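Read off the chains here:
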Amino acid sequence: MSDPAKCLSHSAPAATTHPAIAQAPEGVEYTCPMHPEVLQIGPGACPKCGMALEPRIVQAVATDDPELVDMRRRFIVTTALALPVLFMAMSDVVPGQPLEHAVGLRLLSWIELAFAAPAVLWGGWPFFVRGWGSLVHRSPNMFTLIALGTGTAFLYSLVATVAPGAFPQGVRLGDGAVPVYFEAAVVITALVQLGQVLELRARSQTGTAIRALLGLAPKTARKITPTGDVDVPLEDVHPGDRIRVRPGERIPVDGRCTEGSSSVDESMVSGEAMPVAKSAGDAVVGGTVNGTGALVMEAERVGRDTLLARIVQMVSEAQRTRAPIQRVADVVAAWFVPAVVLCALAAFGVWLVAGPEPRFTHALLAAVAVVIIACPCALGLATPVSIMVGTGRGAAEGVLFKNAAALEVLSKVDVLVIDKTGTLTEGKPRVVAVDAEPGSAPDDVLAWAASLEASSEHPLAQALVEEARRRGRPLLPASEFSSRTGKGVTGRVGGKRVAIGNQALLDELGIVGSSLGARLEALRAHAATIVFVAVDGHAAGLVAIADPVKATTREAIRALRHAGLQVIMLTGDARRTAQAVAGEVGIDRFEAEVLPDQKEAFVRKLRDEGHMVAMAGDGINDAPALARAHVGIAMGTGGVTLVKGDLRGIVKARRLSETTMRNIRQNLFFAFAYNALGVPIAAGVLYPLFGLLLSPMMASVAMTFSSVSVIGNALRLRRAAL
């Protein structure tokens, strides 16, 4: 788990146009954050909710949103046309002779119509198109209500201006004119446009995290060629190329160091600011920053196969998924628009029958106000915007969520099951002690063992070889190698018969056990695996090999327990070793000598007991248990991926999950409460008690505020403490 460059699958193409990742297609796909199944080439509006579509492919450099540019232009023109209409409508409260007395109400209505027609019909045309589309697709949404409200006010005023005789005598004023409400139609249109501009600008900020990641990859690389170093575009770098990375430069692609040593800032993939030492043989990740040393690296993964590209792909896909809590908003929204229309009709009827004069005017304004204030935009944005910001924040911290469901479920987990090797420990066994029997030397014992194991790929064998090289002991020629399954190996090293293995191997060969009994028990108590070495039929010594606990494990376990999680360790190691590791890191409950299928059964049992279970493992031997858990946490697979094999990532993931879900609940509460209060007030329930009426224009202001406030609350996740 220590190689972050191996943490993700190579199968999916990266969702990006950055040259370090992949080339953009000719036609950019757009999708809806609320309905990710909606895809089309080029910008437009979602046929289900009417919201502006967003690019499915994240751009490395922020570009102007065509929808935002168009809406901003319409807002400016509509506002310029709305101000004269508003002034004419309010002239009776301005000191001096009212305009209606100077030019007459009939002429004033025609002047207002001249300004209002382009403002409503051109400026508000996108709203009418989306409103009509919602009816065609049988998916009423916020634009259904906006089109209905502004259209009603404008059409009523248009008929009143063109054919006032069509209205009953009781509605007409002294000169035969009928009151018009062009100011309501144009001001509502302008305010909705303002809300759309603010919303589109705020939604564009949800891609900041991905855009920041894309900006980390350099545009060029310094390629080493037979004729010298050459700067080439990143797309011209291929696996096997040798790349020179100078001090302070970003590493261009994923690969492995071949020369030099330095410290590398890997915070962009791990969230940790502490630089990591790199030398020949160590893996490096594209986009990370080289320190003060010079490095030569060999490219291994380029383009869409790099870790950075796969992070972007995973985050982009997660942002387009829907959390289970979204079903609440979906169910409400399905009934919401019809319910609002009924409320508006009821308000119209009550005011028309029981309201004060002019009854028809009051009834019309109340119905329009109800329709406008109840636009369900805030309700629809409550969940997807928080998911987009939350998953982007997780990527910046080295925590990748496969989908929104994993982000939500993790906040409900009460039991965390953890594999030992590679999760609690480093997953790289190393020699911690070499002891010799009387008559033998420790370095000789190590040399015999390492020489015989040199051709083996077993992790313990590699630990022996690395330790011999570290001590400068040359490996001796070995022959007659024979493996004894589950026990050890035998062979000849330098003319001597050598056996390496456990106590069972010594018993099989009839070799008297080690005389280092006290030392043996002390090493086992510290979670060391003991390898006995025998030469020419006699015990020569032992080698203790341990998989060290990661330096951050104890801190992470304390934080997880403090968060209320029960932590259980599962391992296939011997019970004594498991007990030593559990005691060292502070885990109270553990299960040892557990096979992969038994791990899956253990997780299933916890689920059957009613627990919400998360399983953290290496994603290979633990695959069945990861799949059985409510949330799998692994390097490369699972609902949650830790870019760096560090349990503190689980702590961050848990906190982010809780913070995001709390943010979503706040948004949903605000959206529900806003409509629960706004609709009755717009209908006029306060009029009998306080004489207060909510004008359609104020209803539009309130509707805009609700949407922007929900987005603003979601954007707070970018600064949440993890």
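The rules we used
Residues numbered from 1 in each chain as written. Predicted model: local features only at pLDDT ≥ 70, side-chain atom pairs only at ≥ 80, totals over all residues. Heavy atoms only, no water. Helix = DSSP H or I, 4+ residues; strand = E, 2+ residues; numbered from the N terminus. Buried < 20%, exposed > 50% of the residue type's maximum accessible area, 1.4 Å probe, protein only. Contact = heavy atoms within 4.5 Å. Areas by Shrake-Rupley, 256 points an atom, 1.4 Å probe, with all protein chains shown as cover. Salt bridge = Lys/Arg side-chain N within 4 Å of Asp/Glu carboxyl O. Axes fitted to C-alpha atoms, helices over the stretch in contact; angles between N-to-C directions. Parallel < 35°, antiparallel > 145°, perpendicular 65-115°, else oblique. Left-handed = near helix turned anticlockwise from the far one by under 90°. Patch = residues over 30% accessible without salt bridge, like charges linked within 9 Å, V, L, I, M, F, W, Y side chains within 5 Å. Lys, Arg positive; Asp, Glu negative; His and termini not counted. Charge placed at Lys NZ, Arg CZ, Asp CG, Glu CD. Expected span 1.5 Å × (residues − 1). Pairing = 2+ DSSP bridges. Nonpolar A, V, L, I, M, F, W, Y, C, P; charged D, E, K, R; others polar. Core = buried A, V, L, I, M, F, W, Y, C linked by side-chain atoms within 4.5 Å. Phe/Tyr/Trp six-rings, centres within 6.5 Å; stacked < 30°, edge-to-face > 60°. pLDDT = per-residue confidence, 0-100.

### Concerning the overall build of the chain
Move 1: The helix and strand tally for the chain stands at 26 helices and 25 strands.
Move 2: A total of 722 residues make up the chain; the buried ones form 52% of that total.
Move 3: Restricting to contacts in the chain with at least 6 residues of sequence separation, those with at least 24 account for 69%.
Move 4: For the chain, the accessible surface area stands at approximately 30800 Å², while carbon and sulfur atoms represent 59% of it.

### Thoughts on the pattern of salt bridges
Move 1: If you walk through the whole model with that rule in mind, you get 26 salt bridges.
Move 2: For Arg 130, the salt bridge goes to Glu 67, with nearest N and O atoms at 2.3 Å. Placement of Arg 130 in helix 4 (residues 125-136) and of Glu 67 in helix 1 (residues 66-89) is noted, with a sequence separation of 63 residues between them.
Move 3: Using a relative accessible area of 9% as the deciding quantity, one classes Arg 130 as buried.
Move 4: Here Arg 604 makes a salt bridge to Glu 600, at a shortest N to O gap of 2.7 Å. Here Glu 600 and Arg 604 lie together in helix 22 (residues 596-608), a separation of 4 residues that amounts to about one turn.
Move 5: Overall, Arg 604 belongs to the partly exposed group, its relative accessible area being 33%.
Move 6: One network of salt bridges, with partners in common, ties together Asp 254, Arg 256, Glu 300 and Arg 301.

### Side note on the packing of helix 5 (residues 142-162) against helix 11 (residues 359-373)
The packing of two helices is summarised by the inter-axis angle and the distance between the axes.
Move 1: At a minimum axis distance of 8 Å, the contact between helix 5 and helix 11 shows a crossing angle of 155°. When the interaxial angle is binned, helix 5 and helix 11 end up roughly antiparallel. For the pair helix 5 and helix 11, the sense of crossing is left-handed. For the pair helix 5 and helix 11, the contacting residues are Leu 145, Ile 146, Leu 148, Gly 149, Thr 150, Thr 152 and Tyr 156 in the first and Phe 360, Leu 364, Val 368, Val 371 and Ile 372 in the second.

### Section: a positive patch on the surface
Move 1: Among the surface-exposed residues, Arg 662, Arg 665, Arg 716, Arg 718 and Arg 719 lie close enough to one another that they form a single positively charged patch.
Move 2: On the secondary structure map, Arg 719 appears in the segment after helix 26 (696-715).

### Some remarks on helix 11
Since the α-helix turns once every 3.6 residues, residues separated by three or four places project in the same direction.
Move 1: Its 15 residues give helix 11 an end-to-end C-alpha distance of 21 Å, which sits within 8% of 21 Å, the value for a rise of 1.5 Å per residue.
Move 2: Of all 15 residues making up helix 11, 12 are buried, and the element is well covered by its neighbours.
Move 3: Buried within helix 11 we find Thr 361, His 362, Ala 363, Leu 364, Ala 366, Ala 367, Val 368, Ala 369, Val 370, Val 371, Ile 372 and Ile 373.

### Quick notes on the sheet that holds strand 1 (residues 29-31)
Move 1: Ordered in space as 2-1-3, the 3 strands form an open sheet in which the pairing is antiparallel. Of all the strands in the sheet, just strand 2 (39-41) and strand 3 (54-55) have a single pairing partner and so form its edges.
Move 2: Where strand 1 and strand 3 come together, 2 bridges link them in antiparallel fashion. Note that in strand 3 the partner of Tyr 30 across the bridge is Pro 55.

### Some points on the sheet that holds strand 8 (residues 262-265)
Move 1: Judged by pairing direction, the sheet is antiparallel, and its 3 strands sit side by side in the order 9-8-11 without closing on themselves. Both outer strands of the open sheet, strand 9 (276-278) and strand 11 (289-290), are each paired with one neighbouring strand and no more.
Move 2: As judged from the 2 bridges shared by strand 8 and strand 11, these two strands associate in the antiparallel manner. Bridge assignment links Asp 265 to a residue of strand 11, and that residue is Val 289.

### Thoughts on the pairing of strand 12 (residues 295-301)
Move 1: Where burial is concerned, most of strand 12 is hidden: 5 out of the 7 residues are buried.
Move 2: As defined by bridge partners, strand 7 (residues 254-260) adjoins strand 12 across 6 bridges and the pair is classed as antiparallel. Residue pairing for strand 12: Gly 260 is matched across the bridge by Leu 295.

### Focus on the packing of helix 13 (residues 384-396) against helix 24 (residues 648-683)
Move 1: Orientation of helix 13 relative to helix 24, taken along the N-to-C sense of each, is 165°, at an axis distance of 10 Å. It follows from the interaxial angle that helix 13 and helix 24 lie roughly antiparallel. The interaxial crossing formed by helix 13 with helix 24 has right-handed handedness. Contacts from Ser 386, Ile 387, Gly 390, Arg 393 and Gly 394 of helix 13 reach helix 24 at Leu 656, Thr 660, Asn 663, Ile 664 and Asn 667.
Move 2: The residue inventory of the contact of helix 13 with helix 24, partitioned by class, reads 3 nonpolar, 6 polar and 1 charged.

### A short note on the nonpolar core
Move 1: The biggest cluster of nonpolar side chains holds 63 residues, and the ones touching the most others in it are Phe 401, Leu 410, Ile 633 and Val 640.
Move 2: The dominant element in this core, judged by the number of residues it contributes, is helix 24, at 8 residues.
Move 3: Contacts of Ile 633, omitting those with residues within four sequence positions, involve Leu 410, Leu 416, Ala 614, Met 615, Ala 616, Gly 617, Leu 626, Val 640, Leu 642 and Ile 650.
Move 4: If you look at the next biggest cluster of nonpolar residues, it comprises 56 residues, including Ala 185, Val 187, Val 197 and Phe 336.

### Quick notes on the environment of Pro 179
Move 1: As for its position among the elements, Pro 179 is in the loop between helix 5 and helix 6 (182-204).
Move 2: For Pro 179, a relative accessible area of 22% corresponds to the partly exposed category.

### Regarding the packing of aromatic side chains
Move 1: Taken as a whole and assessed by the stated rule, the structure comprises 4 aromatic pairs.
Move 2: A centroid spacing of 5.9 Å and a plane angle of 85° characterise the contact between Phe 348 and Phe 360, whose relative ring orientation is edge-to-face. A residue pair is termed long-range when its members are at least 10 positions apart, and Phe 348 in helix 10 (residues 326-354) and Phe 360 in helix 11 qualify at 12 residues.
Move 3: Overall, the relative accessible area of 24% leaves Phe 348 in the partly exposed class.

### Quick word on the confidence of the model for the chain
Move 1: Counting all residues, the mean pLDDT for the chain is 80, and 84% of those residues have values of 70 or more.
Move 2: When pLDDT is averaged over each element of the chain, strand 6 (residues 242-245) comes out on top at 94 and helix 8 (residues 267-270) at the bottom at 62.
Move 3: Predicted confidence is poor over residues 1-26, with pLDDT under 50, and the contacts of this stretch with residues over four places away or in other chains come to 84 contacts.

### A short note on unusual backbone geometry
Move 1: Of note in this structure, Glu 480 is not a glycine but carries a positive phi near 55°.
Move 2: Positionally, Glu 480 belongs in strand 16 (residues 478-484).

### Brief notes about the environment of Ala 454
Move 1: Turning to its location among the elements, Ala 454 is positioned in the loop between helix 16 (442-453) and helix 17 (459-470).
Move 2: For Ala 454, a relative accessible area of 37% corresponds to the partly exposed category.
Move 3: Taking the C-alpha atoms as reference points, Ala 454 and Glu 466, separated by 12 residues in sequence, lie 9.6 Å from one another.
Move 4: In contact with Ala 454, other than residues within four places in its own chain, are Val 465 and Leu 475.

### Concerning the environment of Ala 117
Move 1: By secondary structure assignment, the location of Ala 117 is in helix 3 (residues 105-123).
Move 2: Sequence separation of Ala 117 and Ala 185 is 68 residues, and the distance between their C-alpha atoms is 9.6 Å.
Move 3: For Ala 117, the contacting residues outside a window of four places in its chain are Trp 122 and Phe 154.

### Here's the deal with a nonpolar patch on the surface
Move 1: On the surface, Val 103, Leu 107, Trp 110 and Val 162 cluster together into a nonpolar patch covering about 360 Å² of accessible area.
Move 2: For Val 103, the location among the structural elements is in helix 2 (residues 99-103).

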